[in-house]
Amino acid sequence: MPSNSSRAPDLAVSLNGPYLAAELTIAFLSTVGNLLVCAAVGLNRKLQTVTNYFLVSLAVADICVGAVAIPCAILTDAGLPRHSFYPCLLMLSLLIMFTQSSIFSLLAVAVERYVAIFMPFRYQVLMTSCNALMVILTTWLLAFLIGLVPLMGWHKTPPDSGYCFFVSVVDMTYMVYFNFFACVLAPLVIMFVIYARIFVEVKRQLRRIKSEQSGRAEGRMHREIKTATTLFLVLFLFTVCWIPLHIINCFLLLCPHCAVPLELLLTAIILSHANSAVNPFLYAFTMAPFKETFKTMFLCCRTAAARDRTAQI
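None of the values given here were measured: they were computed from a predicted structure. (Residues numbered from 1 in each chain as written. Predicted model: local features only at pLDDT ≥ 70, side-chain atom pairs only at ≥ 80, totals over all residues. Heavy atoms only, no water.)

> So what's going on with the overall build of the protein? Which residues, and what values?
Helix and strand counts for the protein come out as eleven helices and zero strands. Projected onto its principal axes, the C-alpha positions of the protein cover 70 × 60 × 35 Å. The burial tally for the protein puts 48% of its 313 residues in the buried class. Accessible surface, the protein as shown: approximately 15300 Å² in total, 70% of it carbon and sulfur. Side chains of the protein carry 22 positive and 14 negative charges; the gap between the two charge centres is 14 Å. (Helix = DSSP H or I, 4+ residues; strand = E, 2+ residues; numbered from the N terminus. Buried < 20%, exposed > 50% of the residue type's maximum accessible area, 1.4 Å probe, protein only. Areas by Shrake-Rupley, 256 points an atom, 1.4 Å probe, with all protein chains shown as cover. Lys, Arg positive; Asp, Glu negative; His and termini not counted. Charge placed at Lys NZ, Arg CZ, Asp CG, Glu CD.)

Here it is, written out as structure tokens:
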């Protein structure tokens, strides 16, 4: 995402090998890993739940980060495209769009889990596949509108150098006050509150169920805890990966003449992008249905490859 505009002429050719290698590795892992998540949900009927539909929406956003946003970030970190202001602004807006879509997908998952725990008898009515699709379409529409705000006029005057650097083009008041505080931080706080309430309620229900010695209901509550824990980890990792970059944006706004070390900036950018690659690994290690489906998919691929080799012989 952002790059330090105070050193624009020097940074145009400053893309170093380790940074580029890290970005390309993350792009590959993010694209392939999240394609596997989408394929797993599409192939396994047991995975076709409302919760997983929202996770697929999150996976699609992460695929877009790997296939579109990271290549755009690499270009803009090199100051490209130069002397093409609106194409530059569009590329930078895409970075914001996909991040915002991820946040809204996480929020949708949190609300869905809240309804499942606190309104179990209305869950089947409220959380239908059709309603889930409408929510997903709405979240993507809102994400695109928020990302397009800079293109609508909330941006800086095109720099004389013509270099396409994030902080040279995107207004930091938009990034900090509107994007971070209103569109990122507020949903994150809401989600942490939701998961805190979920864990408290599930533990309360578990104590009640144990006193009633209802083994079946206890098993369901343990599954709910495991699912909520995994989804909370997804949220926690998202927060850890993205907050450092937003803190740097706040620093750039409040102290525009202060220098941000390039190494720190690139590390924060890589960390934010790395978040798009971690979720498939998290699902594989913590969610048994995903783990089994991934194994089946890999075994099928190996079997098909072996058959092709045999046929060629």
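Still more to cover.
> If you had to explain the state of the cysteines to someone new, which residues and values would you point to?
Counting across every chain of the model gives two disulfides. The partner cysteine of Cys88 in its disulfide is Cys164, sulfur to sulfur 1.9 Å. Disulfide Cys88 to Cys164: torsion about the S-S bond roughly 90°, handedness right-handed. Here the residue Cys88 occupies a position in helix 4 (residues 85–118), and Cys164 occupies one in the loop between helix 6 (129–148) and helix 7 (166–169), the gap between them amounting to 76 residues. Residue Cys88 shares its accessibility class with Cys164, and that shared class is buried. (Disulfide = S-S within 2.5 Å.)

> Please set out the packing of helix 3 (residues 50–77) against helix 10 (residues 262–286) residue by residue, giving values where relevant.
The geometry of helix 3 relative to helix 10 is characterised by a closest axis approach of 10 Å and an angle of 150° between their N-to-C directions. Between helix 3 and helix 10, the interaxial angle falls into the category roughly antiparallel. Where helix 3 crosses over helix 10, the handedness of that crossing is left-handed. Every residue of helix 10 that contacts helix 3 at Leu55, Leu58, Asp62, Val65, Ile70, Ala73 and Asp77 is listed here: Ile269, His273, Ser276, Asn279 and Tyr283. Partitioning the contact of helix 3 with helix 10 into residue classes produces seven nonpolar, three polar and two charged. (Axes fitted to C-alpha atoms, helices over the stretch in contact; angles between N-to-C directions. Parallel < 35°, antiparallel > 145°, perpendicular 65-115°, else oblique. Left-handed = near helix turned anticlockwise from the far one by under 90°. Contact = heavy atoms within 4.5 Å. Nonpolar A, V, L, I, M, F, W, Y, C, P; charged D, E, K, R; others polar.)

> Mind laying out the packing of helix 4 against helix 8 (residues 172–212), listing which residues take part and the relevant values?
Running from amino to carboxyl end, helix 4 crosses helix 8 at an angle of 25°, the nearest separation of the two axes being 10 Å. With respect to helix 8, the axis of helix 4 lies roughly parallel. The two elements helix 4 and helix 8 cross, and the hand of that crossing is left-handed. Among the residues making up the contact of helix 4 with helix 8, the classes are represented as 21 nonpolar, three polar and three charged.

> How would you summarise the UniProt feature "transmembrane region" (unreviewed entry) in the protein if you had to cite specific residues and measurements?
What UniProt calls "transmembrane region" (unreviewed entry) maps, in this numbering, to residues 20–41, 53–76, 88–111, 132–154, 174–200, 230–254 and 266–285. The span residues 20–41 shows a helical share of 100% and a strand share of 0%, and its end C-alpha atoms are spaced 32 Å apart. (UniProt positions renumbered as here; feature names shortened; annotations may be inferred.)

> Give me the lowdown on the packing of aromatic side chains, citing residues and values where you can.
One pass over the structure, following the stated rule, counts 16 aromatic pairs. Both rings, one in Trp154 and one in Phe178, keep their centres 5.9 Å apart while their planes meet at 45°; by these two values the pair is tilted. Pair noted here: Trp154 is in the loop between helix 6 and helix 7 and Phe178 is in helix 8, with a separation of 24 residues, a long-range link. Phe178 gets classed as partly exposed once you look at its relative accessible area, which sits at 27%. The ring of Tyr163 is capped by Arg82, whose NZ or CZ atom sits 4.1 Å from the centre of that ring. (Phe/Tyr/Trp six-rings, centres within 6.5 Å; stacked < 30°, edge-to-face > 60°. Lys NZ or Arg CZ within 6 Å of the ring centre and 35° of its normal.)

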